[in-house]
Amino acid sequence: MSAAVKRSVTITLDGSNKSASLPLLSGTIGPDVFDIRKLYADLGVFTFDPGYGQTASCDSKITFIDGDEGVLLYRGYPIEQLAEKSRFLEVCYLLLNGDLPTKEEFGKFEKGVMRHNMLHEQLRSFYNGFRRDAHPMAVMCSVVGALSAFYHDNLDVWDEGARRIAAFRLIAKMPTIAAWAYKYSVGQPFVYPRNELTYSANFLYMFHAVPTEEYKFNPVLAKAMDLILILHADHEQNASTSTVRLAGSTGANPFACIAAGIASLWGPAHGGANEAVLKMLADIGTTANIKPFLDDVKAKDNSTKLMGFGHRVYKNYDPRAKLIQKACHDVLNELGIKDDPLLDLAMELEQIALSDPYFIERKLYPNVDFYSGIILKAMGFPTNMFTALFAVARTVGWVSQWKEMMEDPQQRIGRPRQIYTGSPRRDYVPMTERT
Ligand code: ACO
């Protein structure tokens with residue numbers, strides 16, 4: 001445990017003479033946390049925290065979020081600086097290894113990742129098992145899970161070398177897996193990766209190139225792709241990362257764990273929100289419909305949400321949303337799109353929501369998904385690929401968090417408790433005697 005113990009909290013159980021002294025742990029930044037591991041032993045009670053909003057499930061050195069101030073740091077570096085100055089693979093190195101690489105370290109790392117980007121030829125045949133209209137996330141879950149059937153040499157999760165090679169394989173192969181999911185859905189031939197391209201340029205190439213035409217590289221779009229990947233690379237203990245950690249805590253292999261993370265990311269409350277935002281904007285249609293839509297959202301008996309708004313941790317603003325909104329304008333300019341009705345509608349919707357007491361009181365701000373769909377659509381990605389792109393970006397975060405957990409001496413199987421509210425013990429009654 002690297003968190004320092006500075007003070008303690010004493011809890012006394014009302015109506016009894018039992019009390020427990022719980023150490024208060026301090027990280028490098030962020031609020032202190034009290035350690036409840038001895039709570040049950042000392043008091044015979046444990047804690048209730050549905051959704052884990054108040055619970056630190058691990059200590060981690062990877063990513064820090066200050067939700068009140070809108071701060072996001074990868075290994076201590078502000079997301080704004082990384083977005084402006086760095087490249088996705090450099091961020092991958094940083095997340096995995098803890099520090100920015102030297103030129104030499106980066107060259108070796110880039111070469112190492114890129115040489116793993118091909119898929120085993122037999123893995124190609126998996127795609128043919130899917131219906132053409134299968135959702136790319138369904139394909140991603142299956143193909144990534146199936147990697148464990150191909151790489152027996154790195155399934156020993158307790159071996160440092162095997163963990164490292166699994167990390168390289170996952171980061172390298174994910175763009176190929178996602179691009180091929182798309183190619184399969186539109187009936188185009190799979191495009192093989194090209195190692196002389198950057199990670200992002202190669203992804204755009206595998207996605208958009210066809211054998212009948214020369215592929216035209218657009219550095220502005222490759223840079224935008226890189227930015228999108230950087231902004232989605234990690235986000236501490238979110239639902240999909242916690243899923244990866246929980247699956248990994250059982251000793252499951254990394255490919256199975258990342259497949260579990262992809263499944264968790266798919267939900268509309270998490271990574272699936274980028275797809276849901278575009279559907280929502282299409283349903284709203286015009287600015288005239290914004291008010292009735294927001295009235296619907298605010299009606300208490302309605303489950304309609306303003307997709308792309310709100311966040312469990314950010315209660316001020318999501319710094320990624322600001323960066324992606326700016327990138328949206330850059331990409332639309334580059335593509336010569338003077339007016340994008342979707343962007344105009346989204347910006348108007350944002351302004352109206354941000355001045356509405358419902359959203360102000362609940363501290364609901366645009367999150368990263370509010371604008372990411374608009375930029376991805378402009379870059380030629382179909383809506384159903386948006387969450388798959390998120391999965392490509394988040395793989396490095398999942399893998400870094402999984403490695404950190406496996407290398408943590410206090411790692412143990414994740415196993416939450418519950419308050420049981422079902423029937424007390426009762427005896428079985430034969431069916432013929434039941435009334
Ligand atoms: N639209 C309308 N109301 C909302 C929204 C929203 N998008 N988000 C939260 N609220 C309301 C809730 O209904 C609740 O209201 P109440 O206090 O009157 O009951 C209040 O704000 C607090 O919200 P919670 O649901 O308690 O917040 P929680 O932290 O559990 O949920 C979540 C966070 C899931 C992100 C939620 O804000 C949401 O569903 N947003 C829309 C989906 C979305 O954009 N998800 C992407 C998140 S970012 C990511 O995963 C990459």
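Quick notes on the rules
Residues numbered from 1 in each chain as written. Predicted model: local features only at pLDDT ≥ 70, side-chain atom pairs only at ≥ 80, totals over all residues. Heavy atoms only, no water. Pairing = 2+ DSSP bridges. Helix = DSSP H or I, 4+ residues; strand = E, 2+ residues; numbered from the N terminus. Phe/Tyr/Trp six-rings, centres within 6.5 Å; stacked < 30°, edge-to-face > 60°. Buried < 20%, exposed > 50% of the residue type's maximum accessible area, 1.4 Å probe, protein only. Lys NZ or Arg CZ within 6 Å of the ring centre and 35° of its normal. Near = heavy atom within 4 Å. Polar contact = N/O pair within 3.5 Å; in protein donor to acceptor, adjacent residues only side chain to side chain. Areas by Shrake-Rupley, 256 points an atom, 1.4 Å probe, with all protein chains shown as cover. Nonpolar A, V, L, I, M, F, W, Y, C, P; charged D, E, K, R; others polar. Salt bridge = Lys/Arg side-chain N within 4 Å of Asp/Glu carboxyl O. Contact = heavy atoms within 4.5 Å.

Caption draft 1: Highlighting the sheet that holds strand β1 (residues 4-12). Strand order in this open sheet of 3 strands is β1-β2-β3, and the pairing throughout is antiparallel. Either end of the sheet is taken by a strand with one partner, and the two such strands are β1 and β3 (33-34). The pairing of β1 with strand β2 (residues 19-26) spans 8 bridges and is antiparallel. When the bridges of β2 are listed, threonine 10 appears paired with serine 21.

Caption draft 2: Layout of the pairing of β2. In this antiparallel pair of consecutive strands, β1 and β2, the connection spans 6 residues, and glycine 15 shows a positive phi of 80°. The antiparallel hairpin formed by β2 and β3 contains 6 residues in its connecting segment, where glycine 30 sits at a positive phi of about 100°.

Caption draft 3: Fine view of the packing of aromatic side chains. Counted by the stated rule, this structure contains 21 aromatic pairs. Ring geometry for tyrosine 93 versus phenylalanine 109: centroids 5.3 Å apart, planes at 90°, classification edge-to-face. One end of the pair, tyrosine 93, is in helix α3 (residues 88-97); the other, phenylalanine 109, is in helix α4 (residues 103-114), and 16 residues separate them in sequence. An identical accessibility class is assigned to tyrosine 93 and phenylalanine 109; each is buried. Relative to phenylalanine 207, the ring of tyrosine 182 lies with its centre 3.9 Å away and its plane at 10°, an arrangement referred to as stacked. Of the two residues, tyrosine 182 is situated in helix α7 (residues 160-186) and phenylalanine 207 in helix α8 (residues 199-208); the sequence distance between them amounts to 25 residues. Of the two residues examined, tyrosine 182 and phenylalanine 207, each falls in the buried class. One residue, arginine 124, lies across the ring of tryptophan 180, its end atom 5.7 Å from the ring centre.

Caption draft 4: How the structure looks around the site of the ligand. What surrounds the ligand is a group of 20 residues, the closest being His270, Lys300, Leu306, Gly308 and Arg312. Within the contact set of the ligand, an oxygen atom lies 2.8 Å away from a side-chain nitrogen or oxygen of histidine 270. Notes on the ligand: free accessible area 920 Å², of which the protein chains cover 73%. Its residues placed into classes, the shell around the ligand shows 10 nonpolar, 5 polar and 5 charged.

Caption draft 5: Quick peek at the pattern of salt bridges. For the coordinates displayed, the defined rule picks out 16 salt bridges. Across the salt bridge formed by glutamate 196 and arginine 194, the nearest N and O atoms sit 2.5 Å from each other. Taking the shortest distance from any N to any O, the salt bridge between aspartate 356 and lysine 298 comes out at 2.6 Å. Of this pair, aspartate 356 sits in the loop between α15 (341-354) and α16 (357-361) while lysine 298 is found in helix α13 (residues 290-298), placing the two residues 58 residues apart along the sequence. By relative accessible area, which is 28% here, lysine 298 ends up partly exposed. Where salt bridges share partners, they join Arg163, Lys403 and Glu407 into one cluster.

Caption draft 6: Representation of the environment of cysteine 257. Mapped onto the secondary structure, cysteine 257 falls in helix α11 (residues 254-265). Between the C-alpha atom of cysteine 257 and that of methionine 406, which follows or precedes it by 149 residues, the distance is 12 Å. Once you skip the residues sitting within four places of it in the chain, cysteine 257 turns out to touch Val244, Ala247, Gly248, Ala252 and Trp402.

Caption draft 7: Representation of the sheet that holds strand β6 (residues 77-78) within the structure. What the 3 strands build is an open sheet, ordered β4-β5-β6; its pairing is antiparallel. Two strands close off the open sheet at either side, each with one partner strand: β4 (63-66) and β6. In terms of strand pairing, strand β5 (residues 71-74) meets β6 through 2 bridges, oriented antiparallel. Paired with tyrosine 74 across the bridge in β6 is tyrosine 77.

Caption draft 8: Representation of the environment of serine 400 within the structure. In this fold, serine 400 is placed in helix α18 (residues 386-406). Sequence-wise, serine 400 and glycine 27 are 373 residues apart; in three dimensions their C-alpha atoms are separated by 19 Å.

In short, the description is geometric, and any link to function would need to be established separately.
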